[in-house]
Amino acid sequence: MTNAAAEHSPPTPKTALVLGITGGAGYHIAQALLGHGWHIRALTRSVASARAKFPELARIEWIEGDAMNGQQVTTASAGANALVHAVNPPGYRNWHKFAFPMLENS
């Protein structure tokens, strides 16, 4: 590619991995990033359920996995420019059991 062609190529969008996209904060952060041209990758326990619940997010990259699994978070974050950690423990209970391990994984 010549320099002139490179100057006219559309920029490659930045990628954000969003953990907790099916929650209120994660959803709205993802929408805002999409609006600013970011590519969104979302880690969710059930891709089928997330796609059915959020058809307006059809253009994001869904990855099945769990924020409690460090290897799945590491794999999903490969090549990402940012990680949004918007995960809360189920029912907002047992923070010591869930929140700290999820934070360590991200």
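These figures come from a predicted structure and were not determined experimentally. (Residues numbered from 1 in each chain as written. Predicted model: local features only at pLDDT ≥ 70, side-chain atom pairs only at ≥ 80, totals over all residues. Heavy atoms only, no water.)

Caption draft 1: Fine view of the environment of Pro 13. The topology assignment puts Pro 13 in the loop between helix H1 (3-8) and strand E1 (15-19). Its relative accessible area of 41% is what places Pro 13 among the partly exposed residues. Residues Pro 13 and Phe 98, spaced 85 residues apart in sequence, show a C-alpha to C-alpha distance of 32 Å. (Helix = DSSP H or I, 4+ residues; strand = E, 2+ residues; numbered from the N terminus. Buried < 20%, exposed > 50% of the residue type's maximum accessible area, 1.4 Å probe, protein only.)

Caption draft 2: Spotlight on helix H2 (residues 24-35). Across its twelve residues, H2 extends 17 Å between first and last C-alpha, which sits within 8% of the 16 Å expected from 1.5 Å per residue. Residues of H2 that are buried: Gly 26, Tyr 27, Ala 30, Leu 33 and Leu 34. Looking down the long axis of H2, one finds its buried residues gathered within 130° of arc, a one-sided arrangement. Summarising the geometry of H2, the exposed residues directed more than 90 degrees from the buried face are His 28 and Gly 35. Among the structural elements, E1, strand E2 (39-44) and strand E4 (82-85) are those in contact with the buried residues of H2. Where H2 ends, the next residue or the one after it, Gly 37, has phi of about 85°, a positive value. (Expected span 1.5 Å × (residues − 1). Arc of directions from axis to C-beta. Contact = heavy atoms within 4.5 Å.)

Caption draft 3: Fine view of the pairing of E2. The buried fraction of E2 amounts to five of the six residues, a majority that puts the element mostly inside the structure. Read from E1 through H2 to E2, the crossover connection turns out right-handed. In the sheet, E2 pairs with strand E3 (residues 61-64) via four bridges, with the strands oriented parallel. Counterpart to Leu 43 in the pairing with E3 is Ile 63. (Right-handed = clockwise from strand over helix to strand, strands pointing away. Pairing = 2+ DSSP bridges.)

Caption draft 4: The sheet that holds E4, seen in detail. Taken in spatial order, the four strands of this open sheet run E3-E2-E1-E4, and their pairing is parallel. One side of each edge strand has no neighbouring strand; the edge strands of this open sheet are E3 and E4. With strand direction ignored, the average angle separating the axes of adjacent strands in the sheet is 20°. In this sheet, E4 lies alongside E1 in parallel orientation, the contact comprising four bridges. Within E4, the residue paired with Leu 19 across the bridge is His 85. (Axes fitted to C-alpha atoms, helices over the stretch in contact; angles between N-to-C directions.)

Caption draft 5: Region of interest: the layout of surface pockets. Roughly 520 Å³ of internal volume is contained in the largest pocket. Gly 20, Thr 22, Arg 45, Val 87 and Asn 88 are the residues nearest the centre of the largest pocket, which is lined by 27 residues in total. Among the elements that take part in the lining of the largest pocket, helix H3 (residues 47-53) stands out by supplying three residues, more than any other. Looking at the lining of the largest pocket, its residues break down into 14 nonpolar, ten polar and three charged. (1 Å grid on protein atoms, 1.4 Å probe; cavity = no way out; pocket = protein on both sides within 12 Å on 5 of 7 lines; lining within 4 Å. Points joined across faces, edges and corners; volume = space filled by probe spheres on them. Nonpolar A, V, L, I, M, F, W, Y, C, P; charged D, E, K, R; others polar.)

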